[in-house]
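Tertiary structure, described
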Amino acid sequence: MPNRPTPTDEPRYPTSRDVGDFVRAVSHVRSRIAAAAERVGRSPDEVRLLPVSKTVPEDRVRLAVRAGCHELGENKVQEAARKRQALADLDVRWSVIGHLQTNKAREVAAWASELQALDRLRVAEALDRRLAAAGRTLDVYVQVNTSAEDSKFGMPPDELPAFLAALPAYPHLRVRGLMTLAVLSDDHARVRECFALLRTLRDRARDADPDLIGPGELSMGMSGDYEIAVEEGATCVRVGQAIFGARAVPDSVFWPEADRADR
Ligand SMILES: *Cc1c(COP(=O)(O)O)cnc(C)c1O
């Protein structure tokens, strides 16, 4: 994915250091989303921008909130929980966008606004039980591995229909749609194929049983590829570096195969 500056590059994603920086970065991303949407005859209003604040220290997250980011995505539950406490005085909804282990289900059930990375029934079961106890429901996106990279999180496409069919057994989960990460590649055609596949899977699921896929949202696209994702139908893009600045932490911390070949 073309979102990883090599050490010799100019910083591709400058670090936002004050409220004005954040306002400008967000409005830049929004205008690119709008342009991408218009290229394919979509309305920009169909696309939700979810800023991703992972690895960003709390003082800078605060600036982003002041700049109008009231919904933030975090990959790791512990980091989200820590920030949520530190920023409890602010109006923020926390979206968990990374792979979840069942032992974190209670945390997520207690406070997350949504989970975008549901990929196992054991997690669905654990969440549903905790949500029932907490008297809450949770919006979920089912994560699909559209790039056929075996170590990537998300289920293989052929397992999706049965997974969707099993989810009504967990009534505290409200299925919103599907989520994916594209292949890590500078080859735009291959990236686009991943996004198109997610859309096709959504369309097929809808045709088979519209009740199982909720509104059929498509969460796809990150700093390096969100414009392609919008062209392919994304209704939510998850953008970190293009808003907050380049991350020092390698992506392999968040998805284990990220530093493998294939770029
Ligand atoms: C970090 C992350 C993003 C955002 O990536 P950027 O390159 O910072 O835009 C999107 N989705 C998931 C699941 C992530 O972990």
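Residues numbered from 1 in each chain as written. Predicted model: local features only at pLDDT ≥ 70, side-chain atom pairs only at ≥ 80, totals over all residues. Heavy atoms only, no water.

A few points about the site of the ligand
Taken together, 15 residues lie near the ligand, and Lys54, Asn75, Ser223, Gln241 and Arg247 sit nearest. Here an oxygen atom of the ligand and a side-chain polar atom of Asn75 are 2.7 Å apart. Here Gln241 contributes a backbone N or O atom positioned 2.8 Å from an oxygen atom of the ligand. If the ligand stood free it would expose 380 Å²; the protein chains cover 99% of that surface. A class-by-class count of the residues in the shell around the ligand yields 7 nonpolar, 5 polar and 3 charged. (Near = heavy atom within 4 Å. Polar contact = N/O pair within 3.5 Å; in protein donor to acceptor, adjacent residues only side chain to side chain. Areas by Shrake-Rupley, 256 points an atom, 1.4 Å probe, with all protein chains shown as cover. Nonpolar A, V, L, I, M, F, W, Y, C, P; charged D, E, K, R; others polar.)

Some remarks on the packing of helix α2 (residues 58-66) against helix α3 (residues 77-86)
Put simply, α2 and α3 touch, their axes get as near as 11 Å, and they point 65° apart. Taken together, the axes of α2 and α3 are roughly perpendicular relative to one another. Remark: the crossing between α2 and α3 carries right-handed chirality. On α3, the residues touching Glu58, Val61 and Arg62 of α2 are Arg82, Lys83 and Ala86. For the contact of α2 with α3, the per-class residue count stands at 2 nonpolar, no polar and 4 charged. (Axes fitted to C-alpha atoms, helices over the stretch in contact; angles between N-to-C directions. Helix = DSSP H or I, 4+ residues; strand = E, 2+ residues; numbered from the N terminus. Parallel < 35°, antiparallel > 145°, perpendicular 65-115°, else oblique. Left-handed = near helix turned anticlockwise from the far one by under 90°. Contact = heavy atoms within 4.5 Å.)

A look at the nonpolar core
Grouped together as the largest cluster of nonpolar side chains are 69 residues, with contacts concentrated most on Leu118, Leu127, Leu138, Leu164, Leu167, Leu173 and Val237. Within the second largest apolar cluster, 7 residues are counted, among which are Leu50, Ile97, Ala117 and Tyr141. (Core = buried A, V, L, I, M, F, W, Y, C linked by side-chain atoms within 4.5 Å. Buried < 20%, exposed > 50% of the residue type's maximum accessible area, 1.4 Å probe, protein only.)

Remarks on the confidence of the model for the protein chain
Of the residues in the protein chain, 92% have a pLDDT of 70 or more, and the chain-wide mean is 93. Predicted confidence is poor over residues 259-263, with pLDDT under 50, and the contacts of this stretch with residues over four places away or in other chains come to 16 contacts. (pLDDT = per-residue confidence, 0-100.)

Some details on helix α1 (residues 19-39)
With 21 residues, α1 extends 30 Å from end C-alpha to end C-alpha; this agrees with the ideal 30 Å at 1.5 Å per step. Taken together, the buried positions of α1 are occupied by Phe22, Ala25, Val26, Val29, Ile33, Ala34, Ala36 and Ala37. Each element contacted by the buried residues of α1 is listed here: β1 (48-51), α2, α8 (226-231), β8 (236-239) and α9 (241-244). In this structure Asp18 caps α1, since a side-chain oxygen of it lies 3.1 Å from the backbone nitrogen of Gly20. Just downstream of α1, Gly41 is the residue with a positive phi angle, here 75°. (Expected span 1.5 Å × (residues − 1).)

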